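An overview of the molecular structure
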Amino acid sequence: MDRDFLPIRIAILTVSDTRDAADDRSGDTLVDRLTAAGHILAARDLLRDDRAAIAAKLRDWCADPAIDVVISTGGTGLTGRDVTVEAHRDVYEKEIDAFGTVFTIVSMNKIGTSAVQSRATGGVANGTYLFALPGSPGACRDAWDDILERQLDYRHKPCNFVEILPRLDEHLRRK
């Protein structure tokens, strides 16, 4: 049985102390790819590297029924200002451990051992998927083209994130 494509609603958050909307190439890369794939840009924002502000934005978007997925770009490195991963983990109910592992494998094939400097992560909160990607357009392309495009496509087999999306918050609906 073949499945029809199901567009999902994706929010893009860029985390940067140095970029603004006019030069957000990583955010633009993600928007271009998700819309080309047939998905809906549900929201977009840019925040400075502030753990509390990032976590608050993630929580707000997870509470919004018009958003299925949040993808952030930036702040996943090792410097003192890189706090996006910590903000994501403040929000996660469950971490998708293999996302970071698969991203590292994809990155190793492109940039070799420099892949160890990324802390890309994924998780689930309040029935919403969250992914934190590095702040380079190349890393965003790699994550989308080699992982997210397939996992966010209901037609992808043997399994994908979209088919279980309605069940992510089933524990909240139980009585």
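About the cut-offs
- Residues numbered from 1 in each chain as written.
- Predicted model: local features only at pLDDT ≥ 70, side-chain atom pairs only at ≥ 80, totals over all residues.
- Heavy atoms only, no water.
- Helix = DSSP H or I, 4+ residues; strand = E, 2+ residues; numbered from the N terminus.
- Buried < 20%, exposed > 50% of the residue type's maximum accessible area, 1.4 Å probe, protein only.
- Pairing = 2+ DSSP bridges.
- Contact = heavy atoms within 4.5 Å.
- Axes fitted to C-alpha atoms, helices over the stretch in contact; angles between N-to-C directions.
- Expected span 1.5 Å × (residues − 1).
- Arc of directions from axis to C-beta.

Residue K157 is joined to P158 through a cis peptide bond whose omega torsion reads 15 degrees. Within the secondary structure, P158 sits in the loop between α5 (137-151) and α6 (161-164). The backbone of N126 sits at a positive phi, close to 50 degrees, despite the residue not being glycine. Among the structural elements, N126 can be located in the loop between β5 (121-125) and β6 (128-133).

Inspection of the secondary structure puts T113 in the loop between α4 (97-111) and β5. T113 gets classed as exposed once you look at its relative accessible area, which sits at 61%. T113 sits 109 residues away from D4 along the chain, and the two C-alpha atoms are 39 Å apart.

Once that is clear, we can look at the sheet that holds strand β2 (residues 40-47). Pairing in this open sheet of six strands is mixed, and the strands run β2-β1-β3-β6-β5-β4 from one edge to the other. Each edge of the open sheet is held by one strand with a lone partner, namely β2 and β4 (94-95). In the sheet, strand β3 (residues 69-73) pairs with β6 via five bridges, with the strands oriented parallel. Bridged to T73 within β6 is L133. The sheet contacts of α5 involve β1 (9-15), β3 and β6, and relative to β6 the element is tilted by about 140 degrees.

This part is about α4. Here α4 contains 15 residues, and its C-alpha end-to-end distance of 21 Å stays within 8% of the 21 Å for a straight helix at 1.5 Å per residue. Considering only its buried residues, α4 is in contact with β5, β6 and α5. G112, located one to two residues past α4, shows a positive phi value of around 65 degrees.

Another aspect to go through is helix α2 (residues 51-63). Relative to the 18 Å expected for 13 residues at 1.5 Å per residue, α2 spans 18 Å between its end C-alpha atoms, a close match to the ideal helical length. For α2, the full list of buried residues reads I54, A55, K57, L58, W61 and C62. End-on view of α2: buried residues confined to an arc of 160 degrees, all on one side of the axis. Exposed and oriented more than 90 degrees from the buried face of α2 are A52, D60 and A63.

The values are spatial; any link to function lies outside them.
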